[in-house]
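# An overview of the molecular structure
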Amino acid sequence: MSTSQETKQLLHLVIGGELSSLDGVEFKDLSKLDIVGVYPNYAAAHAAWKAKAQQTVDQAQTRYFVVHLHRLLDPSTAQS
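In short, a report on the structure.

Reading guide: rules and limits
- Once a new chain begins, its residue numbering starts again from 1 and follows that chain's sequence as written.
- It should be noted that, the model being predicted, local features are given only for residues of pLDDT at least 70 and side-chain atom pairs only at 80 or more, the latter also being counted only at that level, while totals for whole chains, interfaces and linings use all residues.
- By convention in this description, side-chain values take in all heavy atoms of the structure and omit both hydrogens and water.
- Any two strands between which DSSP finds at least two bridges are classified as paired.
- Strands here mean DSSP runs of E at least two residues long; helices mean DSSP runs of H or I at least four residues long; both are numbered from the N terminus.
- For every element, the axis is a line fit to its C-alpha atoms; helices are fit only across the contacting stretch, and the angle between N-to-C directions ranges from 0 to 180 degrees.
- Expected helix span is taken as 1.5 Å per residue step, with the number of steps being one fewer than the number of residues.
- Contacts described as polar in this section are N or O atom pairs within 3.5 Å, which, within protein, must combine one atom able to donate a hydrogen with one able to accept it, while residues neighboring in sequence count only if both atoms come from side chains.
- Accessibility here uses a 1.4 Å probe with only protein chains present; expressed as a share of the type maximum, an area under 20% marks a residue as buried, one over 50% as exposed, and anything in between as partly exposed.
- Any pair of residues with heavy atoms lying within 4.5 Å of one another is described as a contacting pair.
- Only the six-membered ring of Trp is used, alongside the rings of Phe and Tyr, when aromatic pairs are assigned; centres must lie within 6.5 Å, and planes under 30 degrees apart are stacked while those over 60 apart are edge-to-face, with the rest tilted.

### Focus on the sheet that holds strand β1 (residues 12–18)
Spatial ordering of the open sheet is given by β2-β1-β3, a layout of three strands whose pairing is antiparallel. Bordering the open sheet on either side are β2 (34–39) and β3 (62–67), each of which pairs with just one other strand. Here the average twist between neighbouring strands, direction ignored, is 15°. One ladder, built from five bridges, connects β1 with β2; its direction is antiparallel. Looking across to β2, one finds that Leu13 is bridged to Val38.

Here's what the structure looks like:
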């Protein structure tokens, strides 16, 4: 981006699926993992996460997560 108010790109991934147990975060079947998408900021990722979480509210073992990809790619963004 080359605007006067340049926005830092902070990539986030939204994934989900059925967990093996309600006590952990291990997915039951990785081949059925729902990769919702990659988003340019937390607000967009949170909106996608919320929509998917609401769609599966009656499925107790199905969970969705927001993964802060920017923290993996550039650890200096850990506070973002």
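### Regarding helix α1 (residues 42–55)
In this model, α1 (14 residues) spans 20 Å end to end at C-alpha, consistent with the 20 Å of a helix rising 1.5 Å per residue. Its side-chain oxygen 3.3 Å from the backbone nitrogen of Ala43, Asn41 forms the N-cap of α1.

### Some thoughts on the environment of Glu26
Structurally, the position occupied by Glu26 is in the loop between β1 and β2. What makes Glu26 exposed here is its relative accessible area of 57%. Apart from the residues lying within four places of it in its own chain, the contact partners of Glu26 are Glu18, Leu19 and Ser20.

### A look at the packing of aromatic side chains
Under the counting rule described, the total for this entry stands at one aromatic pair. The interplanar angle of 85° and the centroid separation of 6.0 Å between the aromatic rings of Phe27 and Phe65 together place this pair among those described as edge-to-face. Of this pair, Phe27 sits in the loop between β1 and β2 while Phe65 sits in strand β3, and the two are 38 residues apart along the sequence. For Phe27, a relative accessible area of 15% translates into the label buried.

### With respect to the environment of Lys50
Looking at the element boundaries, Lys50 is found in helix α1. Residues Lys50 and Asp34 lie 16 residues apart in sequence; the distance between their C-alpha atoms is 14 Å.

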